[in-house]
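Take a look at the letters that make up each chain.
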Amino acid sequence: MAKAFHLAAISFVAALSSAGLAKAACPTGLPPGVTCGAPDAKLAPAGTYKIDPKHAAVVARVSHIGYSRSVFRFGDVAGQITWDPAAPNASKLSATVSTASIETPVAGFAEELSQKYLKSPAFPQASFASASFHQSDPTHGQVSGAFTLMGVSHPQTFKVELV
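Reading the values: rules and limits
Residues numbered from 1 in each chain as written. Predicted model: local features only at pLDDT ≥ 70, side-chain atom pairs only at ≥ 80, totals over all residues. Heavy atoms only, no water. Helix = DSSP H or I, 4+ residues; strand = E, 2+ residues; numbered from the N terminus. pLDDT = per-residue confidence, 0-100. Contact = heavy atoms within 4.5 Å. Buried < 20%, exposed > 50% of the residue type's maximum accessible area, 1.4 Å probe, protein only. Polar contact = N/O pair within 3.5 Å; in protein donor to acceptor, adjacent residues only side chain to side chain. Arc of directions from axis to C-beta. Salt bridge = Lys/Arg side-chain N within 4 Å of Asp/Glu carboxyl O.

Asker: Could you clarify how one ought to interpret unusual backbone geometry in this entry?
Answerer: Working note: non-glycine residues mostly have negative phi, and peptide bonds are mostly trans. Positive phi is not limited to glycine here, since K119 has a value of about 50 degrees. Secondary-structure assignment places K119 in the loop between helix 1 (109-117) and strand 10 (125-137). Even without being glycine, M150 reaches a positive phi, approximately 50 degrees. By secondary structure assignment, the location of M150 is in the loop between strand 11 (140-149) and strand 12 (152-162).

Below you can see the structure in the form of structure tokens.
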């Protein structure tokens, strides 16, 4: 059975929410079956967790001609993680992002980025598929795998925080 989860990555930030992995101030009156999590990923039950599209985004920080960093948000995200707290290094993560879902605060700039630079009509999705996961402490790790953008795949490692 699929569950939702939250996972934040520094370069490939995808906030992916889960009752078993998320812990904030636990509100009262939650719907049946919804519980608050704890700040220890080993407490999350083994299983396949799907990205909750209403609680997920990918944020990219890109150099702006060497003077600053531009921040872009992609709102159309899908994916899943297969998690086993008894063997966290065997976990798997896959995610796809619609390249046309890019958002910026500058009027018209998202459309220009989507069409001219990301070539969204020809390459509608960017994706990541993990090859390895290394947990460094109860809430941090690194996920390595193949990142594909505009039809070209490159190895990529992302720092992740399990929340």
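Asker: I tried to follow the confidence of the model for the protein chain on my own but got confused; where do I start?
Answerer: A low pLDDT score tells you not to read the predicted coordinates there in detail. Looking at the protein chain as a whole, the pLDDT averages 81, with 85% of positions reaching at least 70. Of all the helices and strands in the protein chain, strand 1 (residues 3-5) carries the lowest mean pLDDT, 30, while strand 8 (residues 92-98) carries the highest, 95. Below a pLDDT of 50 lies the segment residues 1-24, which in the model reaches 90 contacts outside its immediate sequence neighbourhood of four places, other chains included.

Asker: I would appreciate a short explanation of the side chain of S91 in the present structure.
Answerer: Its location among the elements puts S91 in the loop between strand 7 (77-83) and strand 8. Owing to a relative accessible area of 3%, S91 belongs among the buried residues under this scheme. From its side chain, S91 meets the backbone oxygen of P88 in a polar contact 2.8 Å long. In this view, S91 contacts T82, W83, D84, S130 and F133; residues no more than four positions away in its chain are not counted.

Asker: Please clarify how helix 1 should be interpreted in this entry.
Answerer: Along an α-helix, a turn takes 3.6 residues, which lines up residues three or four apart on a common side. Residues of helix 1 that are buried: A110, L113 and S114. Summarising the axial view, the buried residues of helix 1 lie within an arc of 95 degrees, below the 170-degree limit, and thus occupy one face. Among the exposed residues of helix 1, those oriented more than 90 degrees off its buried face are E111 and K116. Looking at the buried positions of helix 1, the neighbouring elements they touch are strand 6 (68-74) and strand 9 (102-103). Two residues or fewer after helix 1 comes K119, characterised by a positive phi angle close to 50 degrees.

Asker: I'm lost on the pattern of salt bridges in this one. Help?
Answerer: Think of it this way: side chains of opposite charge can pair up when their charged atoms draw near. If you walk through the whole model with that rule in mind, you get one salt bridge. Between R73 and E103 there is a salt bridge; the shortest N-O distance is 3.4 Å. Of this pair, R73 sits in strand 6 while E103 sits in strand 9, and the two are 30 residues apart along the sequence. Its relative accessible area of 38% is what places E103 among the partly exposed residues.

Asker: Looking at this structure, how should I read the side chain of T148?
Answerer: Here T148 shows up in strand 11. Among the polar contacts made by the side chain of T148, one reaches the side chain of S153 at a distance of 2.4 Å. Not counting chain neighbours up to four residues away, the residues in contact with T148 comprise Q125, A126, S127 and S153.

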